[in-house]
Amino acid sequence: MSDIKLFHFGDAQLTELPGSAMQVEKSLQVLFEANLDALLGIRFLATEHSTGPVHGGRIDTLGLDEDNSPVIIEYKRSVNENVINQGLFYLDWLLDHRKEFQWMVMEKLGPEAANAVEWTAPRLICIAGDFTRYDEHAVKQIARNIELIRYRRFGEDLLMLELVHAPKTARSASTKTVPETKASGQPERTAELGREADPYLSQRMSYRLSQSSSELRDIYDAVYQFLLGLGDDVQVKELKLYTAFKRLKNFVCMEIYPQARTVTLFLKLSPLGLDLEEGFTRDVRGVGHFGTGDLQVTLKSMADFERAQSLLRQAYEAG
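Along each chain, residue indices are assigned from 1 in the same order as the chain's sequence is written. Totals for whole chains, interfaces and linings use every residue, but because this is a predicted model, local features are given only for residues with pLDDT of at least 70 and side-chain atom pairs only at 80 or more, for both listing and counting. Remark: hydrogens and water are excluded; side-chain values derive from all non-hydrogen atoms of the structure.

### A word on the packing of aromatic side chains
Logical step 1: Here is the rule: rings of Phe, Tyr and Trp (six-membered ring for Trp) pair when centre to centre is within 6.5 Å. Planes less than 30 degrees apart are stacked, more than 60 are edge-to-face, and the remainder are tilted. Applying the stated criterion across every chain yields a total of seven aromatic pairs.
Logical step 2: Ring centres of F251 and Y316 lie 5.6 Å apart, and the angle between their planes is 75°; on these two criteria the pair is classed as edge-to-face. Of this pair, F251 sits in strand β15 (residues 250–257) while Y316 sits in helix α10 (residues 302–318), and the two are 65 residues apart along the sequence.
Logical step 3: Each residue's exposure class comes from its accessible area (1.4 Å probe, protein chains only) as a fraction of the maximum for that residue type: buried when under 20%, exposed when over 50%, partly exposed otherwise. In this structure F251 comes out as buried when scored by relative accessible area, which is 0%.
Logical step 4: The structure contains a cluster of three or more aromatic residues connected by ring pairs, namely Y220, Y224 and F245.
Logical step 5: As a reminder, the over-ring test applies to NZ of lysine and CZ of arginine, requiring each to be within 6 Å of the ring centre and within 35 degrees of the ring normal. Against the face of Y257 rests R208, its NZ or CZ located 4.9 Å from the ring centre. Helix and strand assignments follow DSSP, with helices taken as H or I runs no shorter than four residues and strands as E runs no shorter than two, numbered in order from the N terminus.

Below, the structure written as structure tokens:
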């Protein structure tokens, strides 16, 4: 059981609010589905989606996250329910029925969203009032993108979410971007295979990394390690077009541009109230770009990275 406690203080008295984590009820699923974007940064697609008579199942909640990755959400309704295996069963179904999922996205969110679906890192999220130690051990042994989220309710109007487990890094299955440790301890990445056949190669992160100078790669790797070191709850999603750093939601998205000799960051911070500096920080609200975030930070040197560190910490804390 979670050891998080919530207190209310007023006047001179401090009062602990009793928390509850009863079995997940339908009303809680409805609450999540009505507020998926605010809670988890996920766009709602369907509830109780049937996987057909052959497969014989119903997916609790289907969604599309802020990186356009498909998401399956399963709610653990009793301590003994094996929701992880059930979710893996549905995840395999999803990967075998990509066209059906994309049609669903097109009908709900439009053709642009359907064309942007990112299949490199589909997610399975399991939500429960509590997990057993066997649940937490099992997901560590499974090489899939599985997250465990524990909830507690405090009174009638407070809901707490706790990220119990998430894979540290979720990488594209279509690229050779798995870091290998160099002598310096920084990640080393290699270029994507089959580059000759890819008409959009110049946009791919793996290709841009392979074409970048060692100095620019050093900036990228320094940011990478700095963001990972902000907390044990930081997750990395290495996608085709950018690298996302997230807690429950993205807080930084990072790109690299070898020709411009820049590392570009998009932070989930409001530009309002900040002293924006031309060439370093920029308000990109309403400006189209890959990833998520309203504040753009451009790094051309290690000195820029050092200046950006306070903003990166703010984005992490806000996330």
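### Some remarks on the pattern of salt bridges
Logical step 1: A pair is scored as a salt bridge if a Lys or Arg side-chain nitrogen falls within 4 Å of a carboxyl oxygen belonging to Asp or Glu. Enumeration according to the criterion identifies 15 salt bridges in this entry.
Logical step 2: One salt bridge in this structure joins R144 and D92, with 3.4 Å as the shortest N-O distance. Placement of the pair is R144 in the loop between α7 (133–141) and β8 (146–154) and D92 in helix α4 (residues 83–96), with a sequence separation of 52 residues.
Logical step 3: Taking the relative accessible area as the measure of exposure, R144 reaches 28% and is therefore partly exposed.
Logical step 4: A residue is classified by how much of its surface remains accessible, and D92, at 38% relative accessible area, is partly exposed.
Logical step 5: Its salt-bridge partner being R307, residue E277 comes within 2.8 Å of it at the nearest N-O pair. Of the two residues, E277 is situated in the loop between β16 (262–267) and β17 (281–283) and R307 in helix α10; the sequence distance between them amounts to 30 residues.

### Here's the deal with the confidence of the model for the protein chain
Logical step 1: Of all residues in the protein chain, 86% attain a pLDDT of 70 or more, and the chain-wide mean is 84.
Logical step 2: When mean pLDDT is taken per element in the protein chain, strand β18 (residues 295–299) scores highest with 97 and strand β11 (residues 180–181) scores lowest with 38. What pLDDT expresses is the predictor's confidence in each residue, scored from 0 to 100.

### Considerations on the packing of helix α9 (residues 214–228) against α10
Each pair of packed helices can be described by the angle between their axes along with the distance between the axes.
Logical step 1: Their axes nearest at 11 Å, the elements α9 and α10 cross at an angle of 25°. Here α9 lies roughly parallel to α10, going by the angle between them. Crossing angle aside, the handedness with which α9 passes α10 is right-handed. Within the contact between the two elements, α9 uses D218, I219, A222, V223, F226 and L227 and α10 uses M302, F305, Q309, L312 and R313. In this analysis an axis means a line fitted to C-alpha atoms, helices contributing only their contacting stretch, and an angle means the value between N-to-C directions, from 0 to 180 degrees. For classification, angles of less than 35 degrees are called roughly parallel, those exceeding 145 degrees roughly antiparallel, those between 65 and 115 degrees roughly perpendicular, and all remaining angles oblique. Crossing chirality is assigned from the near helix's rotation relative to the far helix, an anticlockwise turn below a right angle marking it left-handed and a clockwise turn marking it right-handed. Any two residues whose heavy atoms approach within 4.5 Å are treated as being in contact.

### Considerations on a nonpolar patch on the surface
Logical step 1: Taken together, the side chains of F7, F9 and L14 define a hydrophobic patch exposed on the protein surface, amounting to about 380 Å² of accessible area.
Logical step 2: Positionally, L14 belongs in strand β2 (residues 13–17). Any residue with relative accessible area above 30% and no salt bridge may belong to a patch, with like charges joined within 9 Å and the nonpolar Val, Leu, Ile, Met, Phe, Trp and Tyr side chains within 5 Å. Here the accessible surface of atoms and residues is derived via Shrake-Rupley with a 1.4 Å probe, and residues count as covered only by protein chains that are part of the display.

### Quick look at the pairing of strand β14 (residues 243–246)
Logical step 1: On β14, burial covers both faces: T243 and F245 on one face and A244 and K246 on the other are all buried.
Logical step 2: Looking at chain direction, strand β13 (residues 235–238) and β14 are connected through four bridges and run antiparallel. Bridge pairing in β14 places E238 opposite T243.
Logical step 3: DSSP bridges decide pairing: two strands pair if at least two such bridges lie between them. What sits between the antiparallel neighbours β13 and β14 is a turn of four residues.
Logical step 4: Bridge count for β14 against β15 is four bridges, and the pairing is antiparallel. When the sheet's bridge partners are listed, F245 is paired in β15 with V252.
Logical step 5: Two successive antiparallel strands, β14 and β15, enclose a turn made up of three residues.

### Quick word on the nonpolar core
Logical step 1: Throughout this description, the term nonpolar core refers to a set of buried Ala, Val, Leu, Ile, Met, Phe, Trp, Tyr and Cys residues connected via side-chain atoms within 4.5 Å. By size, the foremost hydrophobic cluster in this structure holds 32 residues, and its most contacted members are F245, V252, V263, L265, L267, V297 and L299.
Logical step 2: Taken together, the elements giving at least two residues each to this core come down to α8 (205–211), α9, β15, β16, β18 and α10.
Logical step 3: Of all the elements, α9 adds the most residues to this core, at nine residues.
Logical step 4: For V252, the residues in contact, after removing those within four places along its chain, are L227, T243, A244, F245, L265, F266, L267, L312 and A315.

### A look at the side chain of E147
Logical step 1: Mapped onto the elements of the fold, E147 is located in strand β8.
Logical step 2: On the basis of relative accessible area, E147 is assigned to the buried category, the value being 1%.
Logical step 3: Look past the residues within four positions of E147 in its chain and what remains in contact with it is R123, L124, I125, C126, L163, H165, A166, P167, Q235 and K246.

### Quick word on the environment of T262
Logical step 1: Structurally, T262 is set in strand β16.
Logical step 2: When the C-alpha atoms of T262 and L216 are compared, they prove to be 7.0 Å apart, with 46 residues separating the residues in sequence.
Logical step 3: When sequence neighbours within four positions are dropped, the list of residues in contact with T262 reads L216, E255, I256, Y257, T298, L299 and K300.

### Some words on the packing of α4 against helix α5 (residues 98–109)
Logical step 1: Interhelical geometry of α4 versus α5 gives an angle of 85° and a closest axis separation of 5 Å. Considering the angle they form, α4 stands roughly perpendicular to α5. Judged by residue contacts, W93, L94, L95 and D96 of α4 engage R98, E100 and F101 from α5.
Logical step 2: Polar here means any residue outside two lists: the nonpolar Ala, Val, Leu, Ile, Met, Phe, Trp, Tyr, Cys and Pro, and the charged Asp, Glu, Lys and Arg; Gly therefore counts as polar. For the contact of α4 with α5, a count of residues per class yields four nonpolar, no polar and three charged.

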